[in-house]
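Structural features, examined
This is what each chain is made of:
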Amino acid sequence: MSSTIWSVDEHLEDILTAVQPLEPIELQLPEAQGCVLVEDVVVEIALPPFDNSSMDGYAVRVADVAGATEEFPAVLTVIGDIAAGDAGLLGGQRVGPGEAARIMTGAPLPTGAEAVIPVEWTDGGTGEGPAAAMRAHRDAPEGARGEVRVHRPVEARAHVRDRGSDVRPGDLALRAGSVVGPPQIGLLAAIGRSTVKVRPRPRVVVISTGSELVQPGEELTGGQIYDSNSFALTAAARDAGAIAYRVGAVTDDAETLRATIEDQLIRADIVVTTGGVSVGAYDVVKEALSSVGDEDEPGSGIDFRKLAMQPGKPQGFGSIGPEHTPLLALPGNPVSSYVSFELFVRPAIRTLMGLPDVNRPTARATLVSDKALSSPAGKRQFLRGTYDVQAGTVTPVGGSGSHLIAALAQADALIVLPEDVTSAEPGTDTEVILIR
């Protein structure tokens, strides 16, 4: 274990220097969700690919409906239907003077037509008053023929989606570095892309340690507590963009823990352990991993450190296994574990993804508190708080104890008290890290 006291920034820099973005791969669209693009995507087809109607109604010539009113409607001859997906376009027939074609939303605008009249501006071909909707073709096929009375005039290109009005060939659809979310997948599909080149989502294995840990749903006996860390950190890894695997708590046995970690390496881009990194007689993570850097695994090894921070003083970082898989060893107290994840593991995950901005957003806020907040000299303290973006204030939640998980569940920010601050009075301008 290193005797040097590391700062928060030094530890994070060491991690981010060692962790490299994952190699790009080509993925089908459904598998690419949550991944980061590694190349620009350029449009190859116009979107929409043709002029089409934005309404159910009638494709018309502007001159034929000029001056139309409900009292003096323009009477047009209906020459047929055009449905979405219809390539026949009235069998090549064009909309001529005094004619109209019934057209459905998304259907291509026929030759000769200049605009679309919504069906509500017509009698719908019934010969009666304004129509509320268009009669289904299967129920009233005669609606595709006969006459329609139009009650309003229309301007050219009204209710028409022009070809290429969304994107045109040669346009940049998505930039490299974009995260592929549902709207991006929709755009990629719309322009005909079935695959994209991305950095895959990192696979994170979370392992909690401690013989005292019991899985939720089981009965507690004397001295036992429920394993909350592995659930919280697995959820946090998913929230960061990773594919996360939770491993049930491992007992305080060094060989068992090392074997468990080695078994998990096959599905891990990064391993996160929680617990067993302090100075106790049963701190199994240090015992299990302090000797992993040997002649069989050159370049591997875990360095256990003390950081000038509260909570989260004991930390471990290094790599393990033939692929030099990064491993971050976090403290076992729930708040220490979660704060450490936010400060160190989340940025590592985002770095693996190839994202340029790996840290949580920060803000400045005025401290609202009944009394001054104390902080140990020489340590950067992270307190839980609730941030009011409208008022620009932050209010502490709970105390500073690293076991107070209920307060953590209520918090949406971490209040940062720097190393040179030992007391923060109410009204102090503070930095906050936004964790939601």
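Anyway, here's the lowdown on the structure attached to this text.

**A few points about the environment of Met134**
On the secondary structure map, Met134 appears in the loop between strand 9 (115-118) and strand 10 (146-150). Measuring from C-alpha to C-alpha, the distance between Met134 and Ile103 comes to 9.9 Å, with 31 residues separating the pair along the chain. Ignoring anything within four residues of it in the chain, the contact list for Met134 reads Asp56, Gly57, Tyr58, Arg102, Ile103, Met104 and Val119.

**Comments concerning the sheet that holds strand 22 (residues 325-330)**
Pairing is mixed across the open sheet formed by 7 strands, whose spatial order is 1-19-21-22-18-14-17. The open sheet is flanked by strand 1 (5-6) and strand 17 (243-250), the only strands paired with a single partner. In the sheet, strand 14 (residues 203-209) pairs with strand 18 (residues 270-274) via 5 bridges, with the strands oriented parallel. Following the sheet pairing, Ser208 is matched in strand 18 by Thr274.

**Remarks on the pairing of strand 27 (residues 413-417)**
Across a regular strand the side chains alternate sides, sitting on one face of the sheet and then on the other. Where burial is concerned, most of strand 27 is hidden: 5 out of the 5 residues are buried. Of the two faces of strand 27, the one holding Ala413, Ile415 and Leu417 and the one holding Leu414 and Val416 are both buried throughout. Inspection of the sheet shows strand 25 (residues 380-388) paired to strand 27 by 5 bridges, in the antiparallel sense. Each residue of the ladder has a partner; that of Arg384, found in strand 27, is Leu414. With 4 bridges connecting them, strand 27 and strand 29 (residues 429-434) associate as antiparallel partners. By the bridge assignment for strand 29, Ile415 is matched with Val432.

Definitions and limits used
Residues numbered from 1 in each chain as written. Predicted model: local features only at pLDDT ≥ 70, side-chain atom pairs only at ≥ 80, totals over all residues. Heavy atoms only, no water. Helix = DSSP H or I, 4+ residues; strand = E, 2+ residues; numbered from the N terminus. Contact = heavy atoms within 4.5 Å. Pairing = 2+ DSSP bridges. Buried < 20%, exposed > 50% of the residue type's maximum accessible area, 1.4 Å probe, protein only.

Remember, this is a structural readout, not a statement about activity or role.
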